[in-house]
Amino acid sequence: QVQLVESGGGSVQAGGSLRLSCTASGFTYSSNCMGWFRQAPGKDREVVAAIDSDGSTNTADSVKGRFTISKDNAKNTLFLQMNSLKPEDTAMYYCAAVVGEGLRCAIETMTFALQYRDDVYRWGQGTQVTVSS
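Because the structure is predicted, anything quoted here is derived from the model rather than measured.

Undergrad: Can you walk me through the side chain of Asn76 in this structure?
TA: Along the chain, Asn76 turns up in the loop between strand E7 (67-72) and strand E8 (77-82). Note on Asn76: relative accessible area 12%, which makes it buried. Reaching out from Asn76, the side chain makes a polar contact with the backbone oxygen of Ala24 at a distance of 3.1 Å. Leaving out residues up to four positions away in the same chain, Asn76 has contacts with Cys22, Thr23, Ala24, Ser25, Phe27, Thr28 and Tyr29.

Undergrad: Explanation requested: the state of the cysteines in the structure shown.
TA: What makes a disulfide is a covalent bond joining the sulfur atoms belonging to two cysteines. Tallying each qualifying case throughout the model produces 2 disulfides. The disulfide bridge from Cys22 ends at Cys95, spanning 2.0 Å between sulfur atoms. Measuring the twist about the S-S bond at about 50 degrees, one finds the Cys22-Cys95 disulfide to be right-handed. Of this pair, Cys22 sits in strand E3 (residues 18-25) while Cys95 sits in strand E9 (residues 91-98), placing them 73 residues apart in sequence. The disulfide bridge from Cys33 ends at Cys105, spanning 2.0 Å between sulfur atoms. Where Cys33 bonds to Cys105 through sulfur, the torsion about that S-S bond is close to 75 degrees, and the disulfide is right-handed.

Basis of the calculations
- Residues numbered from 1 in each chain as written.
- Predicted model: local features only at pLDDT ≥ 70, side-chain atom pairs only at ≥ 80, totals over all residues.
- Heavy atoms only, no water.
- Helix = DSSP H or I, 4+ residues; strand = E, 2+ residues; numbered from the N terminus.
- Buried < 20%, exposed > 50% of the residue type's maximum accessible area, 1.4 Å probe, protein only.
- Polar contact = N/O pair within 3.5 Å; in protein donor to acceptor, adjacent residues only side chain to side chain.
- Contact = heavy atoms within 4.5 Å.
- Disulfide = S-S within 2.5 Å.

Any link to function would need more than the numbers given here.
Written out as structure tokens, the structure reads:
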């Protein structure tokens, strides 16, 4: 079984920082594409950042320069460092592992998969991030 648990969310003022963590069991990060996603009320879930098995990373334009995705393979832990937070970053944040085949670990492809191949994702329960102005 694949299980992911997020932590580190909370309420911060605009301009502040948070560091999200995602611990996993049932697979190893070194062998999977991993991603951070977010969903605000009334909006579609969107890809925030992704990291491939080889360590290469991609971030969405909306968070580029502010958010950094990383992982510790030895500890099977995924991180999202969020700096210069804005009110529009307020959302439920989820980590997910790609357990299917044929999905490129890139923002565009993973966005497509949210609509057409959601079965490839294994989701954590989410952690709330609220940014006040």
